[in-house]
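Take a look at the letters that make up each chain.
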Protein chains: 2
Amino acid sequence: MAQGTAIDYYFDFSSPYGYVASHLVDGLAQRTGRAITWRPMLIGAVMKVTGQPLMASIPLKGDYSIMDFSRTARFHGVPYKAPSTFPVSSIAGVRAFYWLQDKHPALAVPFAKALYAAYFAEDRDISLAETVIEIAAKCGVDPAALSAALADPAVKDRTKQIVDASLALRVFGSPYFIVDGEPFWGVDRIPMLEEWVRRGGW
Amino acid sequence: MAQGTAIDYYFDFSSPYGYVASHLVDGLAQRTGRAITWRPMLIGAVMKVTGQPLMASIPLKGDYSIMDFSRTARFHGVPYKAPSTFPVSSIAGVRAFYWLQDKHPALAVPFAKALYAAYFAEDRDISLAETVIEIAAKCGVDPAALSAALADPAVKDRTKQIVDASLALRVFGSPYFIVDGEPFWGVDRIPMLEEWVRRGGW
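Looking at an unreviewed UniProt entry, one finds chain A named 2-hydroxychromene-2-carboxylate isomerase, with Usitatibacter palustris as its source organism. Listed under Catalytic activity (unreviewed entry) in UniProt, the entry text for chain A is "2-hydroxychromene-2-carboxylate = (3E)-4-(2-hydroxyphenyl)-2-oxobut-3-enoate". Looking at chain A in UniProt, the text filed under Sequence similarities (unreviewed entry) is "Belongs to the GST superfamily. NadH family."

Structure follows, in structure tokens:
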């Protein structure tokens, strides 16, 4: 299917717009003929660089964004239930994802979709390692092996390196896409990204 | 043409995305059958409430946004030349706009378009009253009358009241649209706004 380079899809597991994008990237791949590379990262690491708080916590913008999360999900027909705790740390999920990518690559994206659904459609607390392990188990992952991996310093180091690499590429939002070296920030920029691929830029 | 209520279009004269939107709202009016009410405001007043700096000055986001301003303009076929001084105070333009709206309402929107073009296509310093007056004169406005208006405390008060009213409506960005009570922030949300009008919400 994919003829050109892949579309890098960066996201945080606790990002509502990143979640909506997770429902749209398969269609994006079909329409553009490009593969999607899923790249979970940590917005918390970005915030240390930008010095900016989460949009949801900013006066005026915060209330708008909370309204817009669910409106955007409904617009795209994506199941959405505002999590009772928001945001949460998603580092356990990121570690699990990259460990799966190394050990059981076919399971990584299905796990990512299941983790997103758990947080944004089923109101599960995905900051807990036990929740991450339970969700991975439903995807066919051995719970004991993942439990050991989440406590493995090598897995933690690898995750940190990947997150640092995304920062080095100046990825500062979720979702954030890079295709053919061109960055696009935000789920509402998917149409522009598609047009960019179609025209080869402008 | 317009059958339902108008679409309120809020913007700052020094906002690149607000400028791009100024080229799109006539088409939006045609496609939705709604009139557009142009409502210049001051992002500086918003920043005092949100405590947030301009996006262009934030690490990582700033460089992206400066790149994205011109990319977005090109995407929509809008002439764009990055101003050599950015941002600038646009209060003189806002005062001129609302004074025109009172005294010569047919000239207000043509003046707004000309002022935006001066800043974002011709690199004029629109923070200067003399520049605002010169641009208005080309639209058929009497320079002496406008010069007097810009120094008139009543015009300043009226402008402040209008800007305060936009803040009371929680308008925090540029462009920012309100239609049928529903807010939409950002030029890239125009497609969603259109769909909202078409479907009557969702």
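So that's the structure; there's more coming.
Comments concerning the relation of the copies chain B and chain A
Overlay of chain B on chain A (RMSD 0.0 Å): rotation 180 degrees, translation along the axis 0.0 Å. Between the two chains, the operation in question is that of a two-fold axis. Residue Asp188(B) of chain B places its C-alpha closer to the rotation axis than any other residue of that unit, at 3.2 Å. Most of the interface of chain B is mirrored in chain A, where 100% of its interface residues are also at the interface.

Observations concerning helix H6 (residues 129-138) of chain B
All names here are of chain B. Residues Thr 131, Val 132, Ile 133, Ile 135 and Ala 136 constitute the buried set of H6. Here the buried face of H6 lies against helix H4 (91-103), helix H5 (105-120) and helix H7 (143-150). Among the residues trailing H6, Gly 140 stands out with phi positive, at a value near 100 degrees.

A word on the environment of Ser127(A)
Residues and elements named next belong to chain A. Considering the arrangement of structural elements, one finds Ser 127 in the loop between helix H5 (105-120) and helix H6 (129-138). Overall, Ser 127 belongs to the partly exposed group, its relative accessible area being 30%. Residues Ser 127 and Pro 87, 40 residues apart in the sequence, show an inter-C-alpha distance of 9.5 Å. One polar contact links Ser 127 to Asp 125, side chain to side chain, over a distance of 2.6 Å.

Quick word on the interface of chain B and chain A
Contacts between the two partners involve 33 residues from chain B, matched on the other side by 33 residues from chain A. Taking both partners together, chain B and chain A bury about 3,300 Å²; carbon and sulfur atoms supply 61% of that area. Linking chain B with chain A are eight salt bridges, by the criterion used here. One salt bridge connects Asp68(B) with Arg189(A), and the closest N-O pair in it is separated by 2.7 Å.

Side note on the packing of aromatic side chains
All names here are of chain B. One pass over the structure, following the stated rule, counts 48 aromatic pairs over all chains. The interplanar angle of 65 degrees and the centroid separation of 4.9 Å between the aromatic rings of Phe 172 and Trp 185 together place this pair among those described as edge-to-face. In this pair, Phe 172 is assigned in the loop between helix H8 (153-168) and strand E3 (176-179) and Trp 185 in strand E4 (residues 182-185), connecting sequence segments 13 residues apart.

Quick word on the side chain of Asp12(A)
All names here are of chain A. The residue Asp 12 is located in the loop between strand E1 (7-11) and helix H1 (16-32) in this model. Although Asp 12 lies buried, it forms no salt bridge, and the closest oppositely charged side chain, Lys 48, sits 12 Å away as judged by the N-O distance. A distance of 2.6 Å separates a polar atom in the side chain of Asp 12 from the backbone nitrogen of Ser 14.

Overview of the pattern of salt bridges
One pass over the structure, following the stated rule, counts 30 salt bridges over all chains. A salt bridge links Arg71(B) to Glu182(A), with the nearest nitrogen and oxygen atoms 3.0 Å apart. Of the two residues, Arg71(B) sits in helix H3 (residues 61-75) while Glu182(A) sits in strand E4 (residues 182-185), which places them in two different chains. Per residue, the accessibility class of Arg71(B) equals that of Glu182(A), and both read buried. The residue Arg198(B) makes a salt bridge to Glu195(B) at a minimum N-O spacing of 3.3 Å. Here Glu195(B) and Arg198(B) lie together in helix H9 (residues 190-199), a separation of three residues that amounts to about one turn. Overall, Arg198(B) belongs to the exposed group, its relative accessible area being 56%.

Brief notes about the sheet that holds strand E2 (residues 36-40) of chain A
Residue and element names in this part refer to chain A. One open sheet accounts for four strands, arranged E2-E1-E3-E4; its pairing is mixed. Because the sheet does not close on itself, it has two edges, and the strands there are E2 and E4. Looking at each pair of strands side by side, their axes are set apart by 20 degrees on average, direction ignored. Two elements, E1 and E2, share five bridges in a ladder whose sense is parallel. Each bridged residue has a counterpart across the sheet, and for Asp 8 the counterpart in E2 is Thr 37.

Re the packing of H6(B) against H7(B)
All names here are of chain B. Two numbers describe how H6 lies on H7: the axes approach to 9 Å, and their chain directions differ by 140 degrees. Along this stretch, H6 crosses H7, giving a crossing that reads as right-handed. Only Pro 143, Leu 146, Ser 147 and Leu 150 of H7 make contact with H6, whose side of the interface consists of Ala 129, Val 132, Ile 133, Ala 136 and Ala 137. In terms of residue class, the contact of H6 with H7 is built from eight nonpolar, one polar and no charged.

Definitions and cut-offs
- Along each chain, the written sequence defines residue order, and numbers are assigned to residues from 1.
- The lettering of chains begins at A and the numbering of ligands begins at 1, in the order of writing.
- Where totals are concerned, whole chains, interfaces and linings use all residues; where local detail is concerned, this predicted model gives features only for residues with pLDDT of at least 70, and gives and counts side-chain atom pairs only at 80 or more.
- As a convention, hydrogens and water are excluded, and side-chain values are obtained from all of the structure's heavy atoms.
- UniProt positions are given in the numbering used here, feature names are shortened, and annotations may be inferred rather than shown by experiment.
- Copies overlap after least-squares fitting; the atoms used are the C-alpha atoms of residues with pLDDT of at least 70 in both.
- In this analysis, two residues are considered to be in contact whenever any of their non-hydrogen atoms come within 4.5 Å of each other.
- The rule is simple: take the accessible area with a 1.4 Å probe, protein chains only, and divide by the maximum for that residue type; under 20% is buried, over 50% is exposed, in between is partly exposed.
- Every helix listed is a DSSP run of H or I at least four residues long, and every strand listed is a run of E at least two residues long, numbered separately from the N terminus.
- Pairs of N or O atoms are called polar contacts if they sit within 3.5 Å, as long as, within protein, a hydrogen donor faces a hydrogen acceptor (for residues adjacent in sequence, only side-chain-to-side-chain pairs).
- Accessible area, probed at 1.4 Å, shrinks when two parts are joined; the buried area is that loss added up over both.
- Salt bridge criterion: a side-chain nitrogen from Lys or Arg within 4 Å of a carboxyl oxygen from Asp or Glu.
- A pair of aromatic rings is counted whenever rings of Phe, Tyr or Trp (Trp by its six-membered ring) have centres within 6.5 Å, and the orientation is called stacked for planes under 30 degrees apart, edge-to-face for over 60 and tilted otherwise.
- Counting rule for charge: Lys and Arg are taken as positive, Asp and Glu as negative, and neither His nor the chain ends is counted.
- DSSP calls a pair of strands paired once it identifies at least 2 bridges connecting them.
- Every angle, taken between N-to-C directions, lies between 0 and 180 degrees, and every axis is a line fitted to C-alpha atoms, over only the stretch in contact when it is a helix.
- By the definition used in this description, the sense in which the near helix is turned from the far one sets the handedness, with an anticlockwise turn below a right angle giving left-handed and a clockwise turn giving right-handed.
- Only Asp, Glu, Lys and Arg are considered charged, only Ala, Val, Leu, Ile, Met, Phe, Trp, Tyr, Cys and Pro nonpolar, and every remaining residue, Gly among them, polar.

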